[in-house]
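Structural description and commentary
The residues making up each chain are set out below.
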Amino acid sequence: PSKETTVCVAQVFRGTFVHSTLEDPLEVLDNTVLGVDKKGKIVFIEKGGDVKSLSDKWGFLDKDVRQLDPHEFIMPGLVDSHIHASQYSYSGTALDLPLLQWLNTYTFPVESQYKDLKFADKVYNKVVRRTLRNGTTTACYFATIHTDASLLLGEIANKLGQRALVGKVCMDRNDAVNDYKEKTEESSGETKRFIQKLMEKKYPHVRPIVTPRFAISCTSGLLRELGDIAKNSNLHIQSHISENKEECEMVKKLFPDLKSYTDVYLKHNLLTDKTVMAHGCYLSDAELQVFHGTGASISHCPNSNISLCSGMLDVRNALNHKVKVGLGTDVGGGYSPSILNAIRRTLMTSKALTIQNPSHQTLTFEEVFRLATLGGSQALSLDSETGNFEVGKDFDALLVNVCVPEGPMDICGPEPTKVLLEKFLNLGDDRNICEVYVAGRRVVPFADKAS
Ligand code: GUN
Ligand code: FE
């Protein structure tokens, strides 16, 4: 057989793989061989593949083959499509107020501290390490209004090897905490500086995302400028939408001429196929149609939605409207920095909707597995690079062992892979996530011991 000498296979994994495709929310690939090149791209994936003939074809050596144990499988890395890195410092606390009071009381005073780069360095290192350890290979971050601290978050994600979209937060309207806001020109000017500085670094997996905080904290003038910036440079966009009823009422008052909350972003050129909007609990069917039409996506943040008593997104209805949906932790409105927790809250929210309305079609664990992986990559328009195991995509993956000593669950007999995955999604934690890969590079366990 002809050796394909142009491709150099650097790593080979052999064992069980699970992932999602567009057709199938859970595809189990038992007895499969997967090869990764030096750049971290998947070069082959063969079910029932014979190592001998594959090594003849691709020219790797037996010692390059990583053979998985029976209680191990490899799954795509988890995608957190909405997380506030800056709120990690107080996550797990301050969950006793509804959204607008919560922002004024806890969030804005903490976020204003990130003008101090030392504080930013400390928290941002912790949040990137924690999320990587929890299996988040791709994160879409809100930082704060501070450009230099936001650049630091990008530097840290790059250093630790996480794939990330990083947003410098924009807000030129804030009545509660007067020094935590910007002038309109300052906000758009600093956004341009942030984008330019971050792009200059040429980090392979870290990119900027245009980040108006939400309609309430931005004037029409700022929204328009940010829409223009995103359009001119074909950039990603993130914000919040229809999270809480009081917020929706306030948006109506602030933008009386516009038809809906969705219309506010649409009219300012902020709804594109590279836009991800967090929450969306109260979007109407007509608004979901606009999401579908523009290609904008929703980040479903169920822990936050329940913790702040915001609402319950009907994910089934969004999917029926062919809207792209990913999962988000929304740390610190959501208290957990783990997408495994977001998976469980998504299932619980869907079941609560079924309790309220028995004709509601409950999400299955396989569907939620897809939302946490491929769905997230689609929601962030990164699905050409990551989200599942396809030749040409980057190898972003978790090596899961469901039987670690002192682990969080027991396996009481021989079980099919599908059962092992379901157990892990419902009962597993970071102890089961033995290795984490981003673009073929092993990023967990960390090379150093610091945490
Ligand atoms: N809406 C505007 N800002 C925020 C925030 O920081 N967290 C949440 N959950 N919603 C928001
Ligand atoms: Fe949020």
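In the nomenclature of an unreviewed UniProt entry, the protein corresponds to Guanine deaminase from the organism Alosa alosa. The Pathway (unreviewed entry) comment attached to the protein in UniProt states, word for word, "Purine metabolism; guanine degradation; xanthine from guanine: step 1/1."

A closer look at the overall build of the protein
Summing up its helical and strand segments, the protein has 14 helices and 17 strands in all. Expected size for 451 residues packed as a compact globule is a radius of gyration near 22 Å; at 22 Å, the protein falls within 12% of this value. With the principal axes as the frame, the protein shows a C-alpha extent of 65 × 55 × 40 Å. Long-range pairs, those at least 24 residues apart, make up 73% of the contacts in the protein with a sequence separation of at least 6. Of the roughly 18200 Å² that the protein leaves accessible, carbon and sulfur atoms contribute 51%.

Digging into the UniProt feature "domain: Amidohydrolase-related" (unreviewed entry) in the protein
This chain's UniProt record puts "domain: Amidohydrolase-related" (unreviewed entry) on residues 73–443. For the annotated span residues 73–443, helix accounts for 43% and strand for 18% of the residues, and the straight-line distance between the end C-alpha atoms is 18 Å.

Digging into helix H13 (residues 365–379)
Considering bend angle alone, the principal kink of H13 is centred on leucine 371 and spans about 45°. Counting buried positions along H13 yields 13 of 15 residues, so the element is predominantly enclosed. Serine 381 lies just past H13 and shows a positive phi near 50°.

Digging into the coordination of the iron ion (ligand 2)
Here the iron ion (ligand 2) is held by His82 (NE2), His84 (NE2), His240 (NE2) and Asp330 (OD), and the distances to it run 2.1 to 2.2 Å. Around the iron ion (ligand 2) sit 4 donor atoms; with metal-centred angles ranging over 89 to 173°, the donor geometry is irregular. Mapping the donors of the iron ion (ligand 2) onto the primary sequence yields the spacing H-x1-H-x155-H-x89-D. Classification of histidine 84 as buried rests on a relative accessible area of 3%.

Quick notes on the side chain of threonine 107
The residue threonine 107 is located in helix H2 (residues 99–111) in this model. Setting aside residues no more than four positions away along its own chain, threonine 107 makes contact with Gln87, Tyr90, Trp102 and Arg213.

With respect to the environment of glycine 293
Looking at the secondary structure, you find glycine 293 in helix H9 (residues 285–294). Placed 129 residues apart in sequence, glycine 293 and alanine 164 show a C-alpha to C-alpha distance of 26 Å.

Some details on the pattern of salt bridges
Inspection of the entire model under this criterion finds 18 salt bridges. Its salt-bridge partner being lysine 267, residue aspartate 263 comes within 2.9 Å of it at the nearest N-O pair. Of this pair, aspartate 263 and lysine 267 both sit in helix H8 (residues 261–267), 4 residues apart, roughly one helical turn. Look at aspartate 263 and you get buried, because its relative accessible area is 5%. A salt bridge links arginine 316 to glutamate 367; the nearest nitrogen and oxygen atoms lie 2.8 Å apart. Remark: glutamate 367 occurs in helix H13 and arginine 316 occurs in helix H11 (residues 315–320); sequence separation between them is 51 residues. For the pair arginine 316 and glutamate 367, one class covers both residues: buried. Within the structure, one salt-bridge network assembled from shared partners comprises Lys41, Arg163, Arg207, Glu385, Asp394 and Asp396.

So, the packing of helix H5 (residues 184–200) against helix H6 (residues 220–233)
For the pair H5 and H6, the least separation of the axes is 9 Å and the interaxial angle reads 20°. In terms of orientation, H5 lies roughly parallel with respect to H6. Considering only the axes of H5 and H6, their crossing is right-handed. Counted together, Thr184, Ser187, Ser188, Thr191, Lys192 and Ile195 of H5 and Gly221, Leu222, Glu225, Leu226 and Ile229 of H6 form the full contact between these two elements. For the contact of H5 with H6, a count of residues per class yields 4 nonpolar, 5 polar and 2 charged.

Quick look at the site of ligand 1
All residues adjacent to ligand 1 are His84, Gln87, Leu99, Trp102, Leu103, Arg213, Phe214, His240, Glu243, His279, Ser304 and Asp330. In the model, a nitrogen atom of ligand 1 is placed 3.5 Å from a nitrogen or oxygen of the histidine 240 side chain. Relative to its free-state accessible area of 280 Å², ligand 1 is covered by the protein chains to the extent of 100%. By residue number, the principal contributor to the shell around ligand 1 is H2, which donates 3 residues. Within the shell around ligand 1, the residues separate by chemical class into 4 nonpolar, 5 polar and 3 charged.

What about the environment of leucine 103?
Checked against the element boundaries, leucine 103 lands in helix H2. Judged by its relative accessible area of 6%, leucine 103 falls in the buried class. Remark: the alpha-carbon pair of leucine 103 and serine 187, spanning 84 residues in sequence, is separated by 19 Å. Contact partners of leucine 103, with chain neighbours within four places excluded, come to Phe108, Pro109, Arg213 and Phe214.

Side note on the confidence of the model for the protein
Of the residues in the protein, 98% reach a pLDDT of 70 or more, and the chain-wide mean stands at 97. Across the interfaces of the predicted complex, the ipTM metric reaches 0.99, alongside a pTM of 0.98.

Reading guide: rules and limits
- Residues numbered from 1 in each chain as written.
- Chains lettered and ligands numbered in written order.
- Predicted model: local features only at pLDDT ≥ 70, side-chain atom pairs only at ≥ 80, totals over all residues.
- Heavy atoms only, no water.
- UniProt positions renumbered as here; feature names shortened; annotations may be inferred.
- Helix = DSSP H or I, 4+ residues; strand = E, 2+ residues; numbered from the N terminus.
- Rg over C-alpha atoms; globule rule 2.2 N^0.38 Å.
- Contact = heavy atoms within 4.5 Å.
- Areas by Shrake-Rupley, 256 points an atom, 1.4 Å probe, with all protein chains shown as cover.
- Bend = angle between axes of the 7 residues up to and from the residue.
- Buried < 20%, exposed > 50% of the residue type's maximum accessible area, 1.4 Å probe, protein only.
- Donors = N, O, S within 2.8 Å, 3.2 Å for Na, K, Ca; no water.
- Tetrahedral: all angles 85-135°; square planar, octahedral: opposite > 155°, others 65-115°.
- Salt bridge = Lys/Arg side-chain N within 4 Å of Asp/Glu carboxyl O.
- Axes fitted to C-alpha atoms, helices over the stretch in contact; angles between N-to-C directions.
- Parallel < 35°, antiparallel > 145°, perpendicular 65-115°, else oblique.
- Left-handed = near helix turned anticlockwise from the far one by under 90°.
- Nonpolar A, V, L, I, M, F, W, Y, C, P; charged D, E, K, R; others polar.
- Near = heavy atom within 4 Å.
- Polar contact = N/O pair within 3.5 Å; in protein donor to acceptor, adjacent residues only side chain to side chain.
- pLDDT = per-residue confidence, 0-100.

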